[in-house]
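# Breakdown of the fold
Residue-level listing of the chains:
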Amino acid sequence: MSNKLNFKFDRDFTVVPNILLKDTRISFKAKGIFLQIISVPEEWEFSISGLAALAKESRSAIKSGIDELVACGYLE
């Protein structure tokens, strides 16, 4: 099986800290939530409902992912 990216990343992208991606203490779900948070405009007002609206996740799933990020020091 071969994996190949079918997308060219040449515009409108987010820089991601590798330490987050390599951190085995947090789930892929929490990592995805973090990526969504850092990709929205600065004026965006954060809420669990707002993040759930941007994703295919329930509010409780978003909350548990945020809890992981807080526990590991990625969010306050």
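Going by the structure above, here's the rest.
Now for a look at the structure at hand. Nothing here was measured: the structure is a model prediction, and the numbers come from that model.

Our next topic: the pattern of salt bridges. It is possible for side chains bearing opposite charge to pair when their charged atoms get close. Scanning the entire structure with this criterion turns up 2 salt bridges. In this structure, D23 and R25 form a salt bridge, with 2.7 Å as the shortest nitrogen-oxygen distance. For R25, a relative accessible area of 54% gives the class exposed. Between K63 and D67 there is a salt bridge, with the nearest N and O atoms lying 3.1 Å from each other.

It is worth spelling out the side chain of D23 at this point. With respect to the helices and strands, D23 occurs in the loop between helix 1 (18-22) and helix 2 (28-39). Of the residues examined, D23 reaches a relative accessible area of 10% and is grouped as buried. Side-chain polar atoms of D23 contact the side chain of Y74, separated by 2.8 Å. Apart from the residues lying within four places of it in its own chain, the contact partners of D23 are K31 and Y74.

So, how was this worked out
- Residues numbered from 1 in each chain as written.
- Predicted model: local features only at pLDDT ≥ 70, side-chain atom pairs only at ≥ 80, totals over all residues.
- Heavy atoms only, no water.
- Salt bridge = Lys/Arg side-chain N within 4 Å of Asp/Glu carboxyl O.
- Buried < 20%, exposed > 50% of the residue type's maximum accessible area, 1.4 Å probe, protein only.
- Helix = DSSP H or I, 4+ residues; strand = E, 2+ residues; numbered from the N terminus.
- Polar contact = N/O pair within 3.5 Å; in protein donor to acceptor, adjacent residues only side chain to side chain.
- Contact = heavy atoms within 4.5 Å.

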